[in-house]
Amino acid sequence: MNRIEPHTLAPPPELAPSVPAVEVLSAEKTYTNGTQALLPVDLSIAEGEFVTLLGPSGCGKSTLLKMVAGMLEPSDGRLLVWRKPVAQLHDCPHKLSFVFQSPTLMPWASVQTNVRLPLDLGGVPRKEADARVMESLALVGLEKFADALPRALSGGMQMRVSIARGLVTQPDLLLMDEPFGALDEITRHKLDADLLELWRKKKLTVIFVTHSIHEAVFLSSRVVMMAARPGRVVEQFHIDEPYPRSADFMVTPEFARHAKRLQDSLLRASSHADEEATR
Ligand SMILES: Nc1ncnc2c1ncn2[C@@H]1O[C@H](COP(=O)(O)OP(=O)(O)OP(=O)(O)O)[C@@H](O)[C@H]1O
Ligand SMILES: [Mg+2]
């Protein structure tokens, strides 16, 4: 008799309950100098979502992302990653990676040494680490540049190295704080498209920060709008459009409709902050 493998008993994906990858439970942040960066935030992000945080400067996007990463403690409330406090993530099979706005590469070290850094720090044996580095570089199309120094690469390529370094630990959750903000428009579009492909291929959960409404609509399954002074979540938008998304999506009426809704919301979020500032 054929044995029924346990996974064949799993409900089909559309019926499976969504697993929360990230739960922000009334987490708030006041810095030691008294700046109230975030009022209590409640946010649940399901496994496989691509969520973008959008909002005016100072609304607490980076603060929220750093708290999810465990780089910053909330003043009150809790944050769970796959149902565990982020500090206990080492005991769980899931991993997260943080990609910063600037590539932050070691200028004296080759591309592959830069990408290998998290594995070296984690004590992964050299042979296994080298194989994973090459795999990660291939994912971002840079395998031919493994021996190059960062200064020999363009800004966009350096950012790819930084993403490869983020992927080398095979994370399930990728946190990206304005990763393409400093790049020209064409390079940014190319990296956006590549990121979407990676997200789908690797079944990642992504929390992405940007100032660009168009980037937010193109990439996200959901956009979380935040306002400043004090920072808080004000609205959320589902970008209910099919993937894969190509550049053609950006010239559709649906894209324009989503962009307009986000723009109106961003204006509301920003004008509220201006009113607060002039009080
Ligand atoms: N280390 C810190 N100490 C004190 N205040 C801070 C610190 N980091 C950030 N802030 C303040 O907290 C608020 C939120 O900052 P945060 O950097 O999270 O905003 P942001 O939305 O990421 O802004 P931007 O779009 O400019 O990157 C701001 O008022 C900021 O000045
Ligand atoms: Mg920021």
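Because the structure is a prediction, the values reported are computed rather than measured.

Caption draft 1: View of the confidence of the model for the protein chain. Across the protein chain, the average pLDDT comes to 90, with 91% of residues at or above 70. The low-confidence segment residues 1-11, where pLDDT is below 50, has two contacts with residues more than four positions distant or belonging to other chains.

Caption draft 2: Main features of the environment of lysine 260. Looking at where lysine 260 falls in the secondary structure, it is placed in helix α7 (residues 253-278). Taking the relative accessible area as the measure of exposure, lysine 260 reaches 46% and is therefore partly exposed. Sequence spacing of lysine 260 and isoleucine 213 is 47 residues, and the spatial spacing of their C-alpha atoms is 8.9 Å.

Caption draft 3: Broad picture of the site of ligand 1. Residues in contact with ligand 1 amount to 13 residues; listed here are only the nearest, Ser57, Gly58, Lys61, Ser62 and Thr63. Serine 57 is positioned with one of its side-chain polar atoms (N or O) 2.4 Å from an oxygen atom of ligand 1. Between cysteine 59 and ligand 1, the recorded distance is 3.2 Å, taken from a backbone N or O atom to an oxygen atom. For ligand 1, whose accessible area on its own is 630 Å², the fraction buried by protein is 63%. Tallying contributions element by element places helix α1 (residues 61-69) first for the shell around ligand 1, with three residues.

Caption draft 4: Up close: the packing of helix α4 (residues 155-167) against helix α5 (residues 185-201). In contact at an axis separation of 11 Å, α4 and α5 are set at 20 degrees when each is read in the N-to-C sense. Between α4 and α5, the crossing angle belongs to the class labelled roughly parallel. At the point where α4 passes α5, the crossing takes the right-handed sense. From α4, Gly156, Met159, Arg160, Ile163 and Leu167 reach across to α5, where they touch Thr187, Lys190, Leu191, Asp194 and Leu198.

Reading the values: rules and limits
- Residues numbered from 1 in each chain as written.
- Chains lettered and ligands numbered in written order.
- Predicted model: local features only at pLDDT ≥ 70, side-chain atom pairs only at ≥ 80, totals over all residues.
- Heavy atoms only, no water.
- pLDDT = per-residue confidence, 0-100.
- Contact = heavy atoms within 4.5 Å.
- Helix = DSSP H or I, 4+ residues; strand = E, 2+ residues; numbered from the N terminus.
- Buried < 20%, exposed > 50% of the residue type's maximum accessible area, 1.4 Å probe, protein only.
- Near = heavy atom within 4 Å.
- Polar contact = N/O pair within 3.5 Å; in protein donor to acceptor, adjacent residues only side chain to side chain.
- Areas by Shrake-Rupley, 256 points an atom, 1.4 Å probe, with all protein chains shown as cover.
- Axes fitted to C-alpha atoms, helices over the stretch in contact; angles between N-to-C directions.
- Parallel < 35°, antiparallel > 145°, perpendicular 65-115°, else oblique.
- Left-handed = near helix turned anticlockwise from the far one by under 90°.

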